[in-house]
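# Commentary on secondary and tertiary structure
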Amino acid sequence: MAGRGKLIAVIGDEDTCTGFLLGGIGELNKNRKPNFLVVEKDTSITEIEETFKSFLVRSDIGIILINQFIAEMIRHAIDAHMESIPAVLEIPSKEHPYDASKDSILRRAKGMFSAEDFR
Amino acid sequence: METGEMLDQKILLYMDQLELLQGRRASLNALIEQGWFSLSKARYSMGNKHVSSLQYASEMEPQVCVQTRTGDSDAVEFSTERITVQRPSERVQDATPVEDIGPKEEGVRRRIKAKDISGQEERAAATEEKVQTTEPPSASRSNKCDQSPQADPLKWFGILVPQTLKQAQSSFRQVIELSAEIATLQAAVMKTREELKLGMKLEKH
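Here's a quick rundown of the structure. Note that this is a predicted model, so its numbers are computed, not measured.

## A word on the overall build of chain A
Counting its secondary structure elements, chain A contains six helices and four strands. Scanning chain A from its N terminus toward the C terminus, one meets helices and strands in the order β-α-β-α-β-α-α-β-α-α. Considering chain A as a whole, with its 119 residues, one finds that 55% of them fall into the buried category. Surface summary for chain A: the accessible area is close to 5,400 Å², and the carbon and sulfur share equals 54%. Across chain A, 15 positive and 19 negative side-chain charges occur, with their mean positions spaced 4 Å apart.

## A few points about empty space enclosed by the protein
Applying the stated criterion across every chain yields a total of one cavity of 30 Å³ or more. By volume, the largest cavity amounts to about 50 Å³. Around the largest cavity, the lining comprises eleven residues; the ones closest to its centre are A:G24, A:G26, B:E61, B:P153 and B:W156. The residue inventory of the lining of the largest cavity, partitioned by class, reads seven nonpolar, three polar and one charged.

## Side note on helix 1 (residues 2-46) of chain B
Residues three or four positions apart in an α-helix share a direction because the helix packs 3.6 residues into each turn. If you check helix 1 of chain B, its first and last C-alpha atoms are 65 Å apart, about what 45 residues at 1.5 Å a residue would give, namely 66 Å. Taken from the residues just after helix 1 of chain B, B:G47 is the one with a positive phi, measuring 115°.

## Description of the packing of aromatic side chains
Following the criterion strictly, the structure yields four aromatic pairs over all chains and no others. Judged by centre distance (5.2 Å) and plane angle (70°), the ring pair of A:F20 and B:F172 falls under edge-to-face. One end of the pair, A:F20, is in helix 1 (residues 14-22); the other, B:F172, is in helix 4 (residues 163-204), on a second chain. The interplanar angle of 55° and the centroid separation of 6.0 Å between the aromatic rings of B:Y56 and B:W156 together place this pair among those described as tilted. With B:Y56 in the loop between helix 1 and strand 1 (64-70) and B:W156 in the loop between helix 3 (117-146) and helix 4, this residue pair connects regions lying 100 residues apart in the sequence. The two residues B:Y56 and B:W156 agree in class, both being buried. Among the aromatic residues, ring-to-ring pairing joins A:F36, B:Y56, B:W156 and B:F157 into one connected group.

Rules used throughout
Residues numbered from 1 in each chain as written. Chains lettered and ligands numbered in written order. Predicted model: local features only at pLDDT ≥ 70, side-chain atom pairs only at ≥ 80, totals over all residues. Heavy atoms only, no water. Helix = DSSP H or I, 4+ residues; strand = E, 2+ residues; numbered from the N terminus. Buried < 20%, exposed > 50% of the residue type's maximum accessible area, 1.4 Å probe, protein only. Areas by Shrake-Rupley, 256 points an atom, 1.4 Å probe, with all protein chains shown as cover. Lys, Arg positive; Asp, Glu negative; His and termini not counted. Charge placed at Lys NZ, Arg CZ, Asp CG, Glu CD. 1 Å grid on protein atoms, 1.4 Å probe; cavity = no way out; pocket = protein on both sides within 12 Å on 5 of 7 lines; lining within 4 Å. Points joined across faces, edges and corners; volume = space filled by probe spheres on them. Nonpolar A, V, L, I, M, F, W, Y, C, P; charged D, E, K, R; others polar. Expected span 1.5 Å × (residues − 1). Phe/Tyr/Trp six-rings, centres within 6.5 Å; stacked < 30°, edge-to-face > 60°.

Given below as structure tokens:
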């Protein structure tokens, strides 16, 4: 790991993961822990949340890419993450187009101009 | 008055950053869509089961990594970097990508004369020994190369993959680069937001 940069992790549906792995981000470490999670119909929310949290604590991950519809399932965990590393990026999925109004970062940014901030 | 002006400038910067972020987001979404379209086309031509998670290799090593550094404004900056580790064995294989079929020596060869047979036999035995000693390492080398975790992920899906799969790969490579840029912008937006909040609190007091 020394000298090498950080990894990009993905939590997404099969096509999203396949695409990003084709792009060359995939890694299986010494403990055979992958830096991606293919979310299928039978993947539980607990499993998604645990994987997301495990990615957050891994020091070798720099960016976490997550499909927005999956991010919706674990919104509380994403909203609780305030550090800049790893950065969490919400991306669209095949069935669910990207909706900026649901994005954690943009909602925070929008909140800047709400009445609460001017109090 | 000065604090007010500073706040105004920060708000303008904040708006610019948000606009830039929105633009980058739009191009990222378009590129991902393009990638999925190419993947679907590849799946159509290769078969449903040939482009799925079942094809992932059992050994993987990243070909791209993210470098993080703190910029001038204390916001984290992300940049992608391609890892190009080329092993000596790969270099050897790259040099001879196509298998040579036919005689190794060029030009006309002479038939073995009857009187030279004994001498030739000795030489043949010597060369055979040589071949035996040299062959095993080259075979193991090629095997090692095929299973190399650093190998192009395209190879997981076969040796002769459709062009559309290569297009999907190139789209997703661009998406990866763009995602680092978006992560940088998000960090910058959050930083400016914090500064604005702090500025507004100071202004009130």
